[in-house]
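Remarks on the overall topology
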Amino acid sequence: MANAPDGKPRIVVPDDNPPAVAGSVHEPALRALGDLRIYDSLALGPEALLERIRDAHVAICIRNSSVFSADVLERCADMRHIVVFGIGVDMVDLDACRRLGIIVTNTPGYSAAAVAEHAIALALAVARRIVTNDRIVREGGWAKDAVGQLYGKTLGVIGTGPIGKRAAELGRGLGMNVIAWTFHPDEAWGERSGVRFAPLEEVMASTDVVTVHLRLSDQSRGLLDRRLIESMKADAIFVNTARGAIADEEALQELLAAGRIGGAGLDVFSQEPLPPGHPFTALDNVVLAPHVASSTPEADTEGIGMVVDNIRQWLAGTPVHVMT
């Protein structure tokens, strides 16, 4: 594990767009910890990222468009610590960091309330046909087709970390039954919360709404394959606020287009931004969002506070939230 440098570290934020660090209540604390440099645009491409972090001791990864590949990291001779503003660290080559002695930390749980709320909002928007009906009214129509309700239905939660647990609580608050699957089930929490853990196949096939809350890893990449998606109920809603690569997007799009799945609410995609003309954009039974589930002022403030604390603890020799 990398030790802190002698003297003040050089801290770089290569991708503060939209701004989370600049102008925040925590910016002065970051400046007190080291020599801080903030870039207010995305670091699009490896050379752009390398140019910004080449001489840094600490890099704060705000946006997952910044890819800390082995090739980039091998040319950053002074890099000691990468702090990911978020839970997923799939944009960082962890094997390369281990080999190069770079510590990687993240900020788990900071956006649990925000992301869970967004997931349920997407499910409601699909079920109640909010976007479609808004468009109809704006165009002068007054169609009154039936909409769905979530009360009395079953919510399937895939991944029960802080976000998944909060989503389950919100589902229960709406009067839904909740079943869940995760890699490491917390049976005691399930008993307290009225949530039953079940096999993944059962969660996918038997629930009315499936909401995904897994970190992207070698275990979760492609986990929800065509077979599992095909097993969903014909009127079920699929919600993903985690990572697009967890699900087979091609299968999902085909099944939605064919009416084999009722609808989907998607905040994340394998390719971001979503390319113009992507098949998802042509589907009326899909509600799309630009990876904004965690982007609330409250979550940003808490998360950047955790970033500051991660650096402070590392400098003190007591690192927290370590991923490598």
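Residues numbered from 1 in each chain as written. Predicted model: local features only at pLDDT ≥ 70, side-chain atom pairs only at ≥ 80, totals over all residues. Heavy atoms only, no water.

Ile158, Met204, Leu224 and Phe238 are the most contacted members of the largest nonpolar core, which totals 32 residues. Elements supplying a minimum of two residues to this core: β7 (177–181), α9 (200–206), β9 (209–212), α10 (226–230), α11 (249–257) and β11 (263–266). Ignoring anything within four residues of it in the chain, the contact list for leucine 224 reads Ile158, Leu200, Met204, Val212, Ile229, Phe238, Ile246, Ala247 and Asp248. (Core = buried A, V, L, I, M, F, W, Y, C linked by side-chain atoms within 4.5 Å. Buried < 20%, exposed > 50% of the residue type's maximum accessible area, 1.4 Å probe, protein only. Helix = DSSP H or I, 4+ residues; strand = E, 2+ residues; numbered from the N terminus. Contact = heavy atoms within 4.5 Å.)

Residues of strand β4 (residues 81–84) alternate between two faces, with His81 and Val83 on one and Ile82 and Val84 on the opposite face, all of them buried. Two strands pair when backbone bridges link them, and strand β3 (residues 58–61) and β4 are joined in this way by 4 bridges, in the parallel orientation. Residue pairing for β4: alanine 59 is matched across the bridge by isoleucine 82. Sheet topology places β4 next to strand β5 (residues 103–105); 3 bridges connect them, and they run parallel. By the bridge assignment for β5, valine 83 is matched with threonine 105. The parallel pair β4 and β5, bridged by helix α4 (residues 94–100), forms a crossover whose chirality is right-handed. (Pairing = 2+ DSSP bridges. Right-handed = clockwise from strand over helix to strand, strands pointing away.)

What follows covers unusual backbone geometry. With an omega of 0°, the peptide bond between asparagine 17 and proline 18 qualifies as cis. Looking along the chain, the bond that leaves glutamate 272 and enters proline 273 is cis, with omega of -5°. Residue placement: proline 273 occurs in the loop between β11 and β12 (286–288). If you check the backbone angles, arginine 129 has positive phi at about 55° while not being a glycine. Its place among the elements puts arginine 129 in the loop between α5 (112–127) and α6 (130–138). The class for arginine 129 is partly exposed, based on a relative accessible area of 25%.

Regular strands have side chains that alternate between both faces of the sheet. Across the 5 residues of strand β6 (residues 154–158), 5 count as buried, placing the element largely inside the fold. Side-chain alternation along β6 places Thr154, Gly156 and Ile158 on one buried face and Leu155 and Val157 on a second face that is also buried. Both β6 and β7 contribute to a ladder of 5 bridges, which runs parallel. Directly across from threonine 154, in β7, lies its bridge partner asparagine 177. Crossover β6 to β7 through helix α7 (residues 162–173) is right-handed. Here 4 bridges tie β6 to β9, and the two strands are oriented parallel to one another. The partner of isoleucine 158 across the bridge, within β9, is valine 212.

With respect to topology, 5 strands assemble into an open sheet ordered β2-β1-β3-β4-β5, the strand pairing being parallel. Edge strands, defined here as strands with exactly one partner in the open sheet, are β2 (35–38) and β5. Each neighbouring strand pair of the sheet contributes to a mean axis angle of 15°, computed without reference to strand direction. As judged from the 4 bridges shared by strand β1 (residues 10–13) and β2, these two strands associate in the parallel manner. Counted as the bridge partner of valine 12 is arginine 37 from β2. Against the sheet, helix α12 (residues 297–315) makes contact with β1, β3, β4 and β5, and its axis sits at roughly 155° relative to β4, the strand it touches most. (Axes fitted to C-alpha atoms, helices over the stretch in contact; angles between N-to-C directions.)

Applying the stated criterion across every chain, the model contains 1 cavity of 30 Å³ or more. Here the largest cavity defines a volume of roughly 30 Å³. Phe238, Asn240, Gly244, Ala247, Glu249, Leu252, Leu266, Val268 and Phe280 together form the lining of the largest cavity. Mapped by element, the contributors of at least two residues to the lining of the largest cavity are β10 (237–240) and α11. Residues of the lining of the largest cavity, tallied by class, amount to 6 nonpolar, 2 polar and 1 charged. (1 Å grid on protein atoms, 1.4 Å probe; cavity = no way out; pocket = protein on both sides within 12 Å on 5 of 7 lines; lining within 4 Å. Points joined across faces, edges and corners; volume = space filled by probe spheres on them. Nonpolar A, V, L, I, M, F, W, Y, C, P; charged D, E, K, R; others polar.)

Before going further, it helps to spend a moment on the sheet that holds β11. Pairing is parallel across the open sheet formed by 7 strands, whose spatial order is β8-β7-β6-β9-β10-β11-β12. In the strand order of this sheet, the two ends are held by β8 (196–197) and β12, each with one partner. Pairing of β7 with β8 involves 2 bridges; the strand directions are parallel. Across the sheet, the residue bridging to isoleucine 179 is arginine 196, located in β8.

Okay, the pattern of salt bridges next. In total, this model carries 16 salt bridges according to the counting rule given. Note that aspartate 284 is salt-bridged to arginine 135, the shortest N-O span being 3.7 Å. Here the residue aspartate 284 occupies a position in the loop between β11 and β12, and arginine 135 occupies one in helix α6, the gap between them amounting to 149 residues. Residue classification places aspartate 284 among the exposed residues on the basis of a relative accessible area of 59%. (Salt bridge = Lys/Arg side-chain N within 4 Å of Asp/Glu carboxyl O.)

What follows is about helix α2 (residues 46–53). Those residues of α2 not exposed but buried are Leu49, Leu50, Arg52 and Ile53. Along α2, the residues classed as buried sweep out an arc of 165° about the axis, all on the same side. Considering only its buried residues, α2 is in contact with β1, β2, β3 and α3 (70–73). (Arc of directions from axis to C-beta.)

It is worth stressing that arrangement in space is one thing and function is another; only the former is reported here.
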